[in-house]
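# A structural walkthrough
For reference, the chains in residue letters:
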Amino acid sequence: MEFQKAIHRALDLRRQYERKETELYGAPATDRELAQGFAGDANNLVKLVQAERGELEILNSRDKLEAQLAHCLWSVVVLAHMHEVNLETAFFEAMDRLETHLLEAE
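What this report covers is the structure whose coordinates are included nearby. (Residues numbered from 1 in each chain as written. Predicted model: local features only at pLDDT ≥ 70, side-chain atom pairs only at ≥ 80, totals over all residues. Heavy atoms only, no water.)

### Concerning the packing of helix α2 (residues 31-52) against helix α3 (residues 61-82)
At a closest axis distance of 9 Å, the pairing of α2 and α3 adopts a crossing angle of 155°. Judged by the angle between their axes, α2 and α3 are roughly antiparallel. In this structure, α2 meets α3 at a crossing whose hand is left-handed. Residues of the contact of α2 with α3, tallied by class, amount to 15 nonpolar, five polar and five charged. (Axes fitted to C-alpha atoms, helices over the stretch in contact; angles between N-to-C directions. Helix = DSSP H or I, 4+ residues; strand = E, 2+ residues; numbered from the N terminus. Parallel < 35°, antiparallel > 145°, perpendicular 65-115°, else oblique. Left-handed = near helix turned anticlockwise from the far one by under 90°. Nonpolar A, V, L, I, M, F, W, Y, C, P; charged D, E, K, R; others polar.)

Given below as structure tokens:
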């Protein structure tokens, strides 16, 4: 899936959640609340990685790992949008910096 297409899909879903959160709670979740949710998702991701390594027993860990990675990506996309970060540009710039760092370490 193209990067921008994935971003648009994630943001469309976020808008749907914002409407539901406003209906249920009077306001959409804040960036802080979404970041806290992401931290929980990342913690769950660690456990699923451990399960995939055989260090923990979690039923259907592979399926859950795939879903959790997607949830984490969704959170990153939404948080980037909320903070007006061009995620595509930031990603490729970060990859360039990592590559430069790797080459300098040789």
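There is more to say after this.
### Overview of the pattern of salt bridges
Counting across every chain of the model gives five salt bridges. Ionic pairing is found between R14 and E18, a salt bridge with its closest N-O pair at 3.8 Å. Here R14 and its partner E18 are both found in helix α1 (residues 3-25), four residues apart, which amounts to about one turn of the helix. Taking the shortest distance from any N to any O, the salt bridge between R62 and E66 comes out at 3.3 Å. Taken together, the positions of R62 and E66, both in helix α3 and four residues apart, correspond to about one turn of that helix. Among the residues examined, R62 registers a relative accessible area of 49% and is labelled partly exposed. When its relative accessible area of 45% is taken as the criterion, E66 is described as partly exposed. Residues joined by salt bridges that share partners form a network here, namely R14, E18 and E21. (Salt bridge = Lys/Arg side-chain N within 4 Å of Asp/Glu carboxyl O. Buried < 20%, exposed > 50% of the residue type's maximum accessible area, 1.4 Å probe, protein only.)

### Digging into a nonpolar patch on the surface
A surface patch of nonpolar side chains, about 450 Å² in accessible area, is lined by F3, F91, F92, M95 and L98. By residue number, the principal contributor to the nonpolar patch is helix α4 (residues 87-105), which donates four residues. Tracing the sequence through the fold places M95 in helix α4. (Patch = residues over 30% accessible without salt bridge, like charges linked within 9 Å, V, L, I, M, F, W, Y side chains within 5 Å. Areas by Shrake-Rupley, 256 points an atom, 1.4 Å probe, with all protein chains shown as cover.)

### A closer look at the side chain of S75
For S75, the location among the structural elements is in helix α3. Note on S75: relative accessible area 8%, which makes it buried.

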